[in-house]
Amino acid sequence: MSSRGKKIFLAITIIVPMIIYCYIYYKPIIQNAPFRKKDFVSMEYKWGIKDTLENHYNSATGEYQYVNGADSTIKKKMFLKSDDILFMHSKANEIGLWNFPDTIGKRSEKSLTVPRYDILFKYKEKSKHVVIYGDFDGNPKLLDAAVQMRKIIAETLLQAERRSGK
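Residues numbered from 1 in each chain as written. Predicted model: local features only at pLDDT ≥ 70, side-chain atom pairs only at ≥ 80, totals over all residues. Heavy atoms only, no water.

**Q** Mind showing me how you'd approach the overall build of the protein here?
**A** Along its length, the protein carries three helices and seven strands. Secondary structure elements in the protein, listed N-terminal to C-terminal, are α-β-β-β-β-α-β-β-β-α. Radius of gyration (C-alpha) of the protein: 22 Å, far over the 15 Å computed for a compact globule of 166 residues. Looking at the protein as a whole, 36% of its 166 residues qualify as buried. (Helix = DSSP H or I, 4+ residues; strand = E, 2+ residues; numbered from the N terminus. Rg over C-alpha atoms; globule rule 2.2 N^0.38 Å. Buried < 20%, exposed > 50% of the residue type's maximum accessible area, 1.4 Å probe, protein only.)

Following this line, the structure appears as structure tokens:
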């Protein structure tokens, strides 16, 4: 058998069945992925100290409320662009938000002075809700990923607020 014949035989017996197997195996997984961008409904982000969580944003209603440095409550109505939502969704996929536990950290006596963050992504069929406590002392990689996701959301909201100019 010639060298070219060996390469063709190798491709037909090993590479082609592997491609077919991957297609058959991964196609339903990708199609049935619960967190798809096209199924995105809304995102809610709340943060604060204690259980009041006086700062919040809801992308469905556009309601944005936060306490500024002068301890006055600012209420605005602003909506995120589809690019902002796509950016947050892709970052959530990249960071692995869908694999986070529902609670990162735990409520403790120190919770009265430690910040708490609630992140909720709603999709047509499923939603992901993560509560992050500031005094988390578990896996540092998980904490870094959670802090990174929180910062991405906060920066996106800040950019949207600057764009709205209100």
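Here the narrative resumes, following the displayed structure.
**Q** Please explain the sheet that holds strand S5 (residues 103-104) as it appears in this structure.
**A** The strands making up a sheet are joined through hydrogen bonds of the backbone, oriented either antiparallel or parallel. Pairing is mixed in the open sheet, where seven strands are placed in the order S4-S3-S2-S1-S6-S7-S5. Looking at strand neighbours, the two that pair on one side only are strand S4 (73-77) and S5, the edges of this open sheet. The pairing of strand S1 (residues 40-49) with strand S6 (residues 115-123) spans nine bridges and is classified as antiparallel. Bridging across to S6, Lys46 finds its partner in Asp118. (Pairing = 2+ DSSP bridges.)

**Q** I would appreciate a short explanation of the nonpolar core in the present structure.
**A** What tends to happen in soluble globular proteins is that the nonpolar side chains get buried as a cluster. Among the nonpolar cores identified, the biggest contains 33 residues, and Met43, Phe100, Phe121 and Ile153 are the most heavily contacted of them. Counting only elements with at least two residues in this core, the list comes to S1, strand S3 (63-67), helix H2 (82-95), S6, strand S7 (127-133) and helix H3 (140-164). Here this core takes eight residues from H3, the largest share from any one element. Those residues in contact with Phe100, other than ones at most four positions away along the chain, are Ile95, Lys128, Val130, Leu142, Ala145 and Ala146. (Core = buried A, V, L, I, M, F, W, Y, C linked by side-chain atoms within 4.5 Å. Contact = heavy atoms within 4.5 Å.)

**Q** Could you clarify how one ought to interpret the pairing of S1 in this entry?
**A** When a strand is regular, its side chains alternate between the sheet's two faces. Extensive coverage of S1 is indicated by the burial of seven of its 10 residues. In the sheet, S1 pairs with strand S2 (residues 55-58) via four bridges, with the strands oriented antiparallel. Across the sheet, the residue bridging to Glu44 is Asn58, located in S2. Hairpin connection, S1 to S2: the antiparallel pair is bridged by five residues, and Lys50 has positive phi, about 70 degrees.

**Q** I keep staring at the pattern of salt bridges and nothing clicks. Help me out?
**A** Think of it this way: side chains of opposite charge can pair up when their charged atoms draw near. Enumeration according to the criterion identifies six salt bridges in this entry. Residue Glu44 pairs with Lys122 through a salt bridge whose shortest N-O separation is 3.1 Å. One end of the pair, Glu44, is in strand S1; the other, Lys122, is in strand S6, and 78 residues separate them in sequence. Using a relative accessible area of 16% as the deciding quantity, one classes Glu44 as buried. A salt bridge links Arg163 to Asp84, with the shortest nitrogen-to-oxygen separation between them at 2.3 Å. In this pair, Arg163 is assigned in helix H3 and Asp84 in helix H2, connecting sequence segments 79 residues apart. (Salt bridge = Lys/Arg side-chain N within 4 Å of Asp/Glu carboxyl O.)

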